[in-house]
Amino acid sequence: MLLVSEQGANPAIIGTVQGYAWLLLAATLVAMAVRRLNIPYAVALVIGGLAIEASHVGTVPDLDPDLLLFVFLPPLLFDAAFRLDARHARSLMRPILILALPGVLLATLMVGGAVWLVLDLPLSAAFLFGSIVAATDPVAVIGIFQQLKVTHRLSLIAEGESLVNDGMAITLYVVLLEWAVTGSFDAVGSLGTFGLEVLGGVFIGGVLGWASSRLTQQSDDHLVEMLLSLSVAYGSFLVADAIGASGALACVAAGFVHGSYGRSIGMSANTRELLDDLWEFLGFVANALVFLLLGFSVHVNDLIDEAWPVTVAVIAVLLTRALLTSLTGYLTPYQDDPVRTWREAALLTWGGLRGALTAALVLALPPDTPHRDVLVAMAFGVVLFTLVVQGLTLPVVIRRLDLGRD
């Protein structure tokens, strides 16, 4: 459909464009304000979205799950993976993988089991909710940890975990959603789906990241290289999704390979700097729009109506996160002073924020999903608590634990 037809401008499209233009302006003003107020940017955006939605000062665009997953998620993931410190990340691969892979599975089972026992939900719906809130949000975690100057080592662990765990969470979500809707669970088929999602996504992303790195080596035009980088970010996500693999993991793998291998074989210093600036900007724009839209999508009255399930969900998520980070500490003995182990676990627990991915997954639930309204309220309650309460108190926690960076 054209923006302008023979009969004139299309009102729906014009309204959408105007809505997102106002969102960008609002995000800019929030960014300017938070520098003076010392509030984490992602948290301020969510609070701003809540205030605008509650006051009804203007028409608020809906948070379309497909738009979030296919338009906003690739630049968010590729940005972080492309600029990730590959050398240091490899040295911390053990805690990252424990938190991101078995950690997500355990979080799904533990959170799901807790809400099943306390709220008497069907087991399939309870485990489905566990998968929805199992993954920490890459945008929220990375943005807040960087702004609050958490030590480099902990920032890398949180960043690496949040980049990998969403692919695992989406895979579990797909499997458990079928169980919740149909009432039947195919263990063999679910295992095959998991293998295709994870292994297929990593393979496709790795191949496309390698290919784009080799193509970059053949070009001296920074504009072409920037366009190629943008193409591989969306291309890896869409190709993987088209064959049933994890688009999120493909995008992360492509960004990691392109940002590490590509830098080492063919990027000039000028190209590296321009690409870093490009992805930092695209990530910033996507970040701003996602968190404003997230605030618009939370209806406080619905959370109040489901106050007991929301409270149970928040407590279950916090206790599960605390157990997983403590377990990771035992499985990955650090070379630092042993006293710092519990401090790191405490910060990783309180910094386990949920955000855009959780919102997208719960909004994508089909209308016939059993107990959908309760699941939506619980998921948004967890997102709101972790972003606002935990996000606003993170500076105090970091100072008390003495984990900030000079």
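Heads up: the structure comes first, above all this text.
So, a few notes on the structure that sits alongside this text. (Residues numbered from 1 in each chain as written. Predicted model: local features only at pLDDT ≥ 70, side-chain atom pairs only at ≥ 80, totals over all residues. Heavy atoms only, no water.)

### Focus on the packing of helix H3 (residues 65–82) against helix H11 (residues 222–242)
Move 1: Relative to each other, H3 and H11 sit at 125°, their axes nearing to 10 Å. As judged from the angle between their axes, H3 and H11 are oblique. Crossing geometry of H3 relative to H11 is assigned as right-handed. Taken together, the residues of H11 that come into contact with H3 (itself represented by Leu69, Phe70, Val71, Leu73, Pro74, Pro75 and Phe78) are Ser229, Val232, Ala233, Tyr234, Phe237, Leu238 and Asp241.
Move 2: When its residues are assigned to classes, the contact of H3 with H11 shows 12 nonpolar, one polar and one charged. (Axes fitted to C-alpha atoms, helices over the stretch in contact; angles between N-to-C directions. Helix = DSSP H or I, 4+ residues; strand = E, 2+ residues; numbered from the N terminus. Parallel < 35°, antiparallel > 145°, perpendicular 65-115°, else oblique. Left-handed = near helix turned anticlockwise from the far one by under 90°. Contact = heavy atoms within 4.5 Å. Nonpolar A, V, L, I, M, F, W, Y, C, P; charged D, E, K, R; others polar.)

### A word on a nonpolar patch on the surface
Move 1: Residues Trp116, Leu117, Val118, Leu123 and Trp308 make up a contiguous nonpolar surface patch of about 530 Å² in total accessible area.
Move 2: With three residues, helix H6 (residues 102–119) is the largest single contributor of residues to the nonpolar patch. (Patch = residues over 30% accessible without salt bridge, like charges linked within 9 Å, V, L, I, M, F, W, Y side chains within 5 Å. Areas by Shrake-Rupley, 256 points an atom, 1.4 Å probe, with all protein chains shown as cover. Salt bridge = Lys/Arg side-chain N within 4 Å of Asp/Glu carboxyl O.)

### A short note on H11
For an α-helix, 3.6 residues make a turn, and residues three or four places apart therefore share a direction.
Move 1: With 21 residues, H11 ought to run about 30 Å at 1.5 Å a step, and its terminal C-alpha atoms sit 30 Å apart, in line with that.
Move 2: Among the residues of H11, Glu225, Met226, Ser229, Val232, Ala233, Ser236, Phe237 and Ala240 are the ones counted as buried.
Move 3: Tucked into the core, H11 has its buried residues touching H3, helix H10 (187–217), helix H12 (247–265) and helix H13 (269–297).
Move 4: If you check the start of H11, you find a side-chain oxygen 2.9 Å away from the backbone N of Leu223, and it comes from Asp221. (Expected span 1.5 Å × (residues − 1). Buried < 20%, exposed > 50% of the residue type's maximum accessible area, 1.4 Å probe, protein only. Polar contact = N/O pair within 3.5 Å; in protein donor to acceptor, adjacent residues only side chain to side chain.)

### Thoughts on the packing of aromatic side chains
Any aromatic ring pair is given by two values, namely how distant the centres are and how the planes are angled relative to each other.
Move 1: With the rule as written, the count across this model stands at five aromatic pairs.
Move 2: Between Trp350 and Phe385, the aromatic rings sit 6.5 Å apart at their centres with planes inclined by 85°, giving edge-to-face as the arrangement. Here Trp350, found in helix H16 (residues 339–350), pairs with Phe385, found in helix H18 (residues 372–401); they are 35 residues apart in sequence, far enough to count as distant.
Move 3: A network of ring pairs unites the aromatic residues Phe78, Phe82 and Trp279 as a single cluster.
Move 4: Cation over ring: Arg263 sits above Phe82, and NZ or CZ is 4.6 Å from the ring centre. (Phe/Tyr/Trp six-rings, centres within 6.5 Å; stacked < 30°, edge-to-face > 60°. Lys NZ or Arg CZ within 6 Å of the ring centre and 35° of its normal.)

### Quick notes on the nonpolar core
Move 1: Core analysis: the biggest nonpolar cluster contains 118 residues, and Leu128, Phe129, Ile132 and Leu347 have the highest contact counts within it.
Move 2: The element best represented in this core is H18, accounting for 15 residues.
Move 3: Discounting residues that sit within four places of it in the chain, Phe129 has contacts with Val111, Val115, Ala313, Leu375, Met378, Ala379 and Val382. (Core = buried A, V, L, I, M, F, W, Y, C linked by side-chain atoms within 4.5 Å.)

### Describing helix H7 (residues 123–132)
Move 1: Burial analysis of H7 places nine of its 10 residues in the buried class, which makes it a mostly covered element.
Move 2: Those residues of H7 that sit buried are Ser124, Ala125, Ala126, Phe127, Leu128, Phe129, Gly130, Ser131 and Ile132.

### Regarding empty space enclosed by the protein
Move 1: Considering all chains together, one arrives at three cavities of 30 Å³ or more under this definition.
Move 2: By volume, the largest cavity amounts to about 60 Å³.
Move 3: Elements supplying a minimum of two residues to the lining of the largest cavity: H6, helix H9 (152–182) and helix H15 (307–331).
Move 4: Across the lining of the largest cavity, the residue classes break down as five nonpolar, three polar and three charged. (1 Å grid on protein atoms, 1.4 Å probe; cavity = no way out; pocket = protein on both sides within 12 Å on 5 of 7 lines; lining within 4 Å. Points joined across faces, edges and corners; volume = space filled by probe spheres on them.)

### A few points about the environment of Ile170
Move 1: Along the polypeptide, Ile170 turns up in helix H9.
Move 2: Sequence separation of Ile170 and Leu249 is 79 residues, and the distance between their C-alpha atoms is 9.9 Å.
Move 3: Excluding its chain neighbours within four sequence positions, the residues that come into contact with Ile170 are Ala248, Leu357 and Leu361.

### Some thoughts on the side chain of Ser212
Move 1: When you line up the elements, Ser212 lands in helix H10.
Move 2: Within the structure, Ser212 has its side chain in polar contact with the side chain of His258 (distance 3.2 Å).
Move 3: Setting aside residues up to four positions removed in sequence, Ser212 forms contacts with Leu228, Val232 and His258.

### With respect to the pattern of salt bridges
Move 1: A full pass over the atoms with the stated rule returns three salt bridges.
Move 2: Here Arg321 makes a salt bridge to Glu161, at a shortest N to O gap of 2.7 Å. Here the residue Arg321 occupies a position in helix H15, and Glu161 occupies one in helix H9, the gap between them amounting to 160 residues. In this pair, the class of Arg321 matches that of Glu161, namely buried.

### A closer look at the side chain of Glu197
Move 1: Counting through the fold element by element, Glu197 comes out in helix H10.
Move 2: Within the buried core, Glu197 has no salt-bridge partner, and the shortest N-O distance to an opposite charge, that of Arg354, equals 19 Å.
Move 3: In this structure, Glu197 is in contact with Thr171, Val174, Gly244, Ala245, Ser246 and Leu249, ignoring residues within four places of it in sequence. (Lys, Arg positive; Asp, Glu negative; His and termini not counted.)

Nothing here speaks to function; it is all geometry.
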